[in-house]
Amino acid sequence: MDKGKKKATLVMALIALLLLLSACGGSAPGSAGAANSSENANSGSSGSSESNSAQPQTNISLKDTEVAYGETVIALDQDIAEVAAALGDAEDVQESKSCLYEGMDKVFTYPDLIIHTYPDGDKDRVDAVEILSEKEAIASGIQVGDSREKLATAYGNDLSEEGAELLRLERDAFGIDFYMADGNVEAIELYRQVD
């Protein structure tokens, strides 16, 4: 594993640990913890993602509530059981008592991917997805390794700069954080938006 991937994995692991330790505390917008505090948002549709060679979009749509992980599409609000049926067992599963729902919030760790869920009756639904490698892409085709310029072309003025290392795109139902290093995307977090 190269130095950049190690750093991204360490950062995301620390975020997941902090979320578990402070499960009911407040969170900053754009963190998976903040995503956990939102009400049940619009159900994301599942379908195939666009290829990475597709023309960049100038407007993000609800389709961007999906992540392509190999042949599997993971959508916000999707039942994690459907994801697990396609991907197999997670390498690790952590859980903590949910602050907003009856049950447990969970964090499922897969190779290069971390999925946060919230309880919804007898199901666990996808709340946030952290992308740690170039193997996955969001529906617009943006992925780890893409340049700041490619993000600007894809999203234009819709991106806000939250410091030198974070670019954010927010919509009513969801948000996307692009963690940057040396002018390139190092990790992506897609999350349900806080009301």
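Residues numbered from 1 in each chain as written. Predicted model: local features only at pLDDT ≥ 70, side-chain atom pairs only at ≥ 80, totals over all residues. Heavy atoms only, no water.

Draft legend 1. Structural detail: the sheet that holds strand β2 (residues 72-75). With antiparallel pairing, three strands are arranged side by side in an open sheet as β2-β1-β7. The open sheet has two free edges, formed respectively by β2 and β7 (136-138), since each of these has just one partner strand. Taking the axes of each pair of neighbouring strands and ignoring which way they run, one obtains an average angle of 25° across the sheet. Of the pairings in the sheet, the one linking strand β1 (residues 66-69) to β2 comprises four bridges and is antiparallel in character. Its bridge partner being in β2, Glu66 is matched across the sheet by Ala75. (Pairing = 2+ DSSP bridges. Helix = DSSP H or I, 4+ residues; strand = E, 2+ residues; numbered from the N terminus. Axes fitted to C-alpha atoms, helices over the stretch in contact; angles between N-to-C directions.)

Draft legend 2. Here's a closer look at the confidence of the model for the chain. Residue-level pLDDT values for the chain average 75, and 66% of them are 70 or greater. Confidence drops under a pLDDT of 50 for residues 16-23, and excluding neighbours within four residues, the segment shows eleven contacts in the predicted structure. In the model, residues 25-62 has pLDDT below 50 throughout and makes 100 contacts with residues more than four positions away in sequence or in other chains. (pLDDT = per-residue confidence, 0-100. Contact = heavy atoms within 4.5 Å.)

Draft legend 3. Here's a closer look at the sheet that holds strand β11 (residues 184-192). The strand order β3-β4-β5-β6-β11-β10-β9-β8 describes an open sheet built from eight strands, whose pairing is antiparallel. What marks the edges here is a single partner per strand, and that holds for β3 (92-97) and β8 (160-161). The pairing of β8 with strand β9 (residues 166-170) spans two bridges and is antiparallel. Note that in β9 the partner of Ser160 across the bridge is Arg168. Contacts from helix α3 (residues 80-87) reach β4 (104-110), β5 (113-120) and β6 (123-131), with the element oriented near 145° to β5. Each of β8, β9, β10 (174-181) and β11 is contacted by helix α4 (residues 148-155), which is oriented at about 155° to β10, the strand it contacts most.

Draft legend 4. Local environment of the nonpolar core. If you look at the biggest cluster of nonpolar residues, it comprises 30 residues, and the most contacted ones within it are Ile115, Ile138, Leu151, Tyr155 and Phe178. Tallying contributions element by element places β10 first for this core, with four residues. When neighbours within four sequence positions are excluded, Phe178 is seen to be in contact with Ile138, Ile142, Leu151, Tyr155, Leu159, Glu165, Leu166, Leu167, Val185, Ala187 and Ile188. Membership of the second largest hydrophobic core comes to six residues, among which are Val107, Ile114, Leu166 and Tyr179. (Core = buried A, V, L, I, M, F, W, Y, C linked by side-chain atoms within 4.5 Å. Buried < 20%, exposed > 50% of the residue type's maximum accessible area, 1.4 Å probe, protein only.)

Draft legend 5. Expanded view of the pattern of salt bridges. With the rule as written, the count across this model stands at ten salt bridges. With a closest N to O distance of 2.9 Å, Arg171 and Asp158 form a salt bridge. With a gap of 13 residues between them, Arg171 in the loop between β9 and β10 and Asp158 in the loop between α4 and β8 connect regions that are remote in the sequence. By relative accessible area, Arg171 is classed as partly exposed at 26%. Its salt-bridge partner being Asp177, residue Arg168 comes within 2.7 Å of it at the nearest N-O pair. It is possible to trace a salt-bridge network through shared partners that takes in Asp77, Asp127 and Arg192. (Salt bridge = Lys/Arg side-chain N within 4 Å of Asp/Glu carboxyl O.)

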